[in-house]
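# A look at the structure
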Amino acid sequence: MTLPQGNLATRTMQNAFVVPTACSTVLLACRMLLLALLVCQAQPNSTLPADVDALVGFVTGFTAVEGTVLAAWDVNADPCAGQWPGVMCSCEDLPSSIQPGCHNTANASGSLRVKGLDLGPVVSGTSRPLEGTILPALGSLSELAYLDLSNNKLSGTVPDALARLTQLQWLLLNSNQLTGLLPSYLGSLLKLHKAMLQNNKFYGSIPAGWCGGTVVYDVSNNYALCGPVPKCLVNSSRLGTIAGTYLSPTALSPDSSIGGACDLMPPDCDADVGCTIWTPKYWTSQSIVTFNFTGFMDYESGISHYDWGIGSTPSAVDVFPLTRVTADRVLKDIKYPSGGIKKMLVTPVVYNLTTLSLLEGPSYYVTVVAYNGAGPPLSTNTTSLPVKVDTSGPLPAAVYNTYNFQQASTTDMAQSLQASWDNFTDAQSGVAGYTVQFFQQARSSRNGSITLVNLTDLLELGLVNRVQAKLGQKLQEGDMYFAQVTAVNGGGLNTTVKGQPISVERSMEGAVGAGKTALIVVMCGVGCLALGALLSVLIMRSSVHQQAMREKERQQEAKQLKALMYALVSHSDMPGIQHGMGSSTLMAPPTQGADAADKEVAFVFTDIESSTELSNQDPDAFKQLQEVHDQIMREGIAKHHGYEIITEGDSFQVAFATCQAAVAFCIDIQYRLLEMTWSKDVLKLNACKAVRGSTGEILFAGPRVRMGVHWAREGTVAVRLHNLTRHKVYAGPAVQIALDVSEAAHGGQIVLSEDAVAKLSENMAMAGFPVIRLVGLYQLPSIPCPVFLFSVTEVVGKPLRRQFTSLRKIKQVWPPQSYKLPPVLEYNINLPPLPNASNCLAFVCLRLATYPKEKSKCDLPRSIQEKFEEVFAVQAQQFKGYLFQTHENSFKEGIWTVAFQSSMDAMRFTHAAQMLLMHTHWPTSAQEFCGASVPSPDGRWLFQGPRVCMAVHESSDYFVSDDDSIDPNSPRKVMSFAGPSVTLPLVLTYAGRGGQVILSESAWDSVKPVIMQHPGAVTVIGLGTHVVSEDFPKPMLLMEVMPNLLAKRAFNPIMTKRLIEPGYRDAPDPKDPMTIVFVKVSKPAEVVAAEKGNTTDAALRDEDISLIIQAYQVSVSMYAATARKLLRRYHGYECREPEPGKFTLAFKELADAICWACHVQEQLLHLIWPSHILSMSECREVKDAEGNLIWRGLRVRMGMAYGMVSNKKPLNTGRADYFGVLANGAARVSALAAPGQVLVEAACPPFTKDRQLLLQPGQPTYLKLAYVPGSQRKGPQKAVIEVEGDSDSSDVANVGPQTVIIRAVGYFLLRGLDNPRLLYTAESFCLQSRELHVNGDMWAPAAGPYAPGGINSSFASSAGSIRRNWSCWVERTRTSLLGTKQSGSPTSRSIATLFNFAQQHVQQQR
């Protein structure tokens, strides 16, 4: 906004655009008064002062006006004089369709009125969109007929003050970020013709008030709109498309596939069985998975559908993504933990993973997600126990035909057979048991044929490995007998081994002959030789097996790292990323004709090194080599969608649509040539011999192919079709550059031009995450000036440490031959990032937390320092990061910093870097900088290698400078960043722990939308709100965001200056008893009617309805702030707030939870409620007979349950949530509570310090509040507990204003729980005269002869008498209670009366 200095009116106007705070209200009022006096001096035909005031008040809702259309508003000029763009004061300036209904009017002084505001795209053009909220001051433009605020970034709700715009004809609010309920008053604006509200964030249903008038509405693309469309608007031209919403054109049914109900609660789990997934311990196929699940339910909107997926950790789906369940459900009897059986619908799933093979060894978890019919759908998920894969039976072992593990040729037993065997082994699932069967090989006396006879049934022996079977018949001389042993593993797979046959020993009539003795000696000698050979083979196989296991472990680590990196980018804005596929599925198929797609193309030129020498050395071997080479090349071209331009001998020229496809092709070919099993003749060729590295890995084997990649920009290449072959022919400077780059490469090397690297770095994932290094500055023959050339060394997770000398045939300009590039120059291929629209950058600081204790600070040797630089620079180049040092020795001190354009890329970098640190082979000299290795329960590493703390922060408070400390003579300049944006993440790394990833509040706000859209992608842990240090005194929310593979890492609390709000790890421990509290504000009937638009008061104006809704929203905010403030005092933890005024809380102590609830109930009486709220029937002031205030303002129902929870999990918000019967019970108790009532359920209440139960059915308990509302005295932080010792006594010492009284109400049946639960009511001393009743029927009294456990309980419960008669009994009791109004405690009267009627009822039955 143009605001010249030196003018009082100007300065006043300038100050008016500052959003007022609480402490400057009076000052702002004075300024506005002065402004009004100045405006009143306006000349005739100027803008009405009231309209000027409204415009000024309207502008104060925007966060900044610089760069927007409002910047041109000059307060020295009149708004209607054309100096305020977008302000229209004449009907002729409005759109033609509005002009007929518009009339130019002026007041008595001749002042002009504002007719329209056009602040949408028509006026703003290329200027910055407006940001902020729509303030109620806009409603004072009473002559406004046209309002266009579309295509901006406005947030907040639409103010109810717009209901005063009675002349409004067009309302354009589309394409903003507005939230809240749809304004119901739009249907009451008689002149309104069009209301464009699409592309916002409105929620709830379409108000019935829209049925009035003739307004045309557009609400499309408001994701959270839900429920059926009012009948008056169905099939009506007044409502446009409802695409992009969850609205339904008809009434919703639970299985409706269109739209969604307005349901704010996700699906629930069965109270007895829970949400359960049954899986086998082992899957016996790598591609077929089986499981069953049950237990999901949703009473409000029903279950819409189920998805399932497979993850490497609980709740993750990083192995197999979520897939829709299509199986039919079947009804089965399910036994739940308490011993009962109930019929439930079970869904069996059998699925063939056609594109994925599961690995043997890792544990997998099945996650099932249930979605309800809400709009948008809400979900609940559960995870199975770990499942492993075992596709083969146990390894066979030797089977012996005797009982003592020896072989024999004959047996002297007449009617029994023996067998023994070595233990079978199964590394995956173990051996579960053995079965044995004995057979007879009976020889026929007629023709000599052999018949197999089964002598025994299948003998199941468990894990016993020898047996003697008694037969019912005598063994026959001359026949052979053998045992067949079958071993079954944990997955149900088996291996069968036949034993050596044995015959019956013939009767001996003389001594053994000399010939037989010689034969026995010879056989013994042969046996010894065989045994020696067997031992040699076993030793060799063991060595080979160990080597294979090490290789398998290395491949598994590489797969985990690669899978994580693909998962990190799978939820980004990078198109076409598929898990584990690289670029093979990303490129469009090659075109057959020359078209616009060939204006930019990636060239790959290849050639076999020393091909002439190879051909002369052995022509036949070279012919075989070339055939295999050509086949591999053409398979790679087809796989990566390339176009074969021409082939000359062993040289290929290929074109690709993208640079990523070209590089992926080159990497694929190099690895395939290396892994190919070449014949001995080929490997004998001089240039094809196998070459190993320093650690024994194979670097070269077979032909060595040089490759060059260049990206041809538009204008550097031309293409035409050959006249005869109709084949593409490419020409231009780019073709020659690609040829020069290819000629410069060595055999087995991939060289890239600078243009290729710039294009490749836009999306490294599509190329399979290649590792790029700078080779140097070279002079190419086809380019007059030197250019930087780069090479691909390997892909992340698959090392290939080939070393090459300087490039061939071209001049090296830089670096000098003897100079070794530091990793920060060699691997930092990206340019410094450009700031985003808010001028912000994201910075990641990495600090090595493990170094020798005897050193005061980290001091890395040069070799280890360069290793760390390489690891971080390699990962930074994958996510568009830029590695730099904050000061000259920062790398040596174990501190590295990386700059990114977005916090999302920064977070992805930290996750990939944490995994790469574990899988990197660190030299022996680096062991003192490594932490202890810690495995997870499933055998994978949680910690291994160095532990580095990483912190991410996004801010615009930084500055950039040149860094000459690395290499002042480098032609490739190195930049450095400094300022608070860089300092804060460094401070956070000192507060955090090694291996931890911490996000500041600004970084979390940036990545939160993506994480919320993809639940389960990462694990979010809230660390709480902290004052980080003295340099950063502002309280800041800190979050820990870890990849799912490392989610089980446990850390100590971070070390900041002060903890303000607790985090996830500060929440109650699920291993200990706790209290779950559900709190919900009771919505007054007047508010419910106003929201539905069907108020019974005909005199109530639409603007009054808006004021009612607005007053209620403000009141809910006041109540929520009060509840949160007291929550800190009583050590409570806020789990979630699914809707305004509805909380789920957790407390470690039951007494703290009760005192908090009663304190809030009492504190609500003293809030300064809006007058509209206090005028409602449910919110009016009410005093008891003694004149004490007992009701005032909103009423809140509170229910809590004490006990053990089943599980504690972090939500996507980072806060803790609890699951199990306790949480479900607390929700049910809250539903029974009346507005203003506190109900407590505790099946096993805790003990007090005096070893008494905190809650007892027969006597009240007294607690002391930590703070008395309205007083200045602050008491102890813990609740003081006093249990009444004598139930007949009426006084207890120290009962007064600070006291909370807890009494038993009775036993009630809770929905979803079979057993009745004893409920208590808690109330403060000042509010005990409230008359409150539980919203449910009592099942039994809390104490007395007919309570559970009383003297007549056996009679009352026998034959289910209470269950048969409880409804009649309760009805009579309620009638009596209504007819007997006596003095004394209401609770005591109710219980006493209930006892009398229960006794009379039993006597009548007798």
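Okay, so let's go over this structure. Within any chain, residue numbers begin from 1 and follow the written order of that chain's sequence. For this predicted model, a pLDDT threshold of at least 70 governs which residues receive local features, and a threshold of 80 or more governs which side-chain atom pairs are given and counted, while totals over whole chains, interfaces and linings are taken from all residues. Derived side-chain values reflect all non-hydrogen atoms in the structure, with water molecules and hydrogen atoms excluded from consideration.

Let us look at the packing of aromatic side chains. Each aromatic pair joins two rings of Phe, Tyr and Trp (for Trp, the six-membered one) with centres within 6.5 Å, and gets the label stacked for planes under 30 degrees apart, edge-to-face for over 60, and tilted for any other angle. Summed over all chains, the structure comprises 35 aromatic pairs. Both rings, one in Phe900 and one in Phe909, keep their centres 5.3 Å apart while their planes meet at 45 degrees; by these two values the pair is tilted. Judged by its relative accessible area of 0%, Phe900 is buried. Overall, the relative accessible area of 0% leaves Phe909 in the buried class. Members of the aromatic cluster, connected to one another through ring pairs, are Phe291, Phe293, Phe296, Tyr306, Trp308, Phe320 and Tyr351. Taking NZ or CZ as reference, Lys798 lies 4.4 Å from the ring centre of Tyr671, over its face. Charge-over-ring placement is defined geometrically: NZ (Lys) or CZ (Arg) within 6 Å of the ring centre, and within 35 degrees of the ring normal. Above the plane of the ring of Trp1191 lies Arg1330, whose end atom (NZ or CZ) is 3.7 Å from the centre. To sort residues, take the accessible area from a 1.4 Å probe on protein chains only and compare it with the maximum for the residue type: under 20% means buried, over 50% means exposed, and anything in between is partly exposed.

Inspection of the secondary structure puts Glu92 in the loop between strand S1 (87–88) and strand S2 (116–118). You can call Glu92 exposed: its relative accessible area is 53%. The term polar contact refers here to a pair of N or O atoms within 3.5 Å; inside protein, the definition further demands a hydrogen-donor-capable atom paired with an acceptor-capable atom, and it admits residues adjacent in sequence only when both atoms are side-chain atoms. Within the local environment of Glu92, its side chain forms a polar contact with the side chain of Ser90, the two groups lying 2.4 Å apart. Secondary structure follows DSSP: runs of H or I at least 4 residues long count as helices, runs of E at least 2 residues long count as strands, and numbering of each begins at the N terminus.

The disulfide definition used here is simple: a pair of cysteine sulfur atoms within 2.5 Å. Considering all chains together, one arrives at five disulfides under this definition. A disulfide bridge connects Cys226 with Cys262, and the sulfur atoms are separated by 2.1 Å. In this structure the cystine formed by Cys226 and Cys262 twists about its S-S bond by roughly 110 degrees; its chirality is therefore right-handed. In this pair, Cys226 sits in strand S11 (residues 224–228) while Cys262 sits in the loop between strand S12 (246–248) and strand S13 (268–269), placing the two residues 36 residues apart along the sequence. Two residues, Cys269 and Cys275, share a disulfide whose sulfurs are 2.0 Å apart. Of note, the bridge from Cys269 to Cys275 carries an S-S torsion of about -105 degrees and is left-handed in sense. For the pair formed by Cys269 and Cys275, the shared burial category is buried. Here the disulfide map of the protein reads 1-2, 3-4, 5-7, 6-8, 9-10, the bonded cysteines being numbered as they appear in the sequence.

Bringing the sheet that holds S1 into the picture now. The pairing criterion for strands is at least two bridges between them, as found by DSSP. With mixed pairing, the six strands of this open sheet are ordered in space as S1-S2-S4-S6-S8-S10. In the strand order of this sheet, the two ends are held by S1 and strand S10 (216–218), each with one partner. The pairing of strand S4 (residues 146–148) with strand S6 (residues 170–172) spans three bridges and is parallel. Along S6, the bridge assignment pairs Tyr146 with Trp170.

What follows deals with the nonpolar core. Take the buried residues of types Ala, Val, Leu, Ile, Met, Phe, Trp, Tyr and Cys, join any two whose side-chain atoms come within 4.5 Å, and each joined set is a nonpolar core. Ranked by internal contacts, the top residues of the largest apolar core, which has 122 residues, are Val709, Leu752, Phe868, Phe872 and Phe909. Of the residues forming this core, the biggest block, eleven residues, is contributed by helix H8 (residues 659–675). With 56 residues, the next largest nonpolar core counts Ala1111, Ala1123, Met1176 and Leu1265 among its residues.

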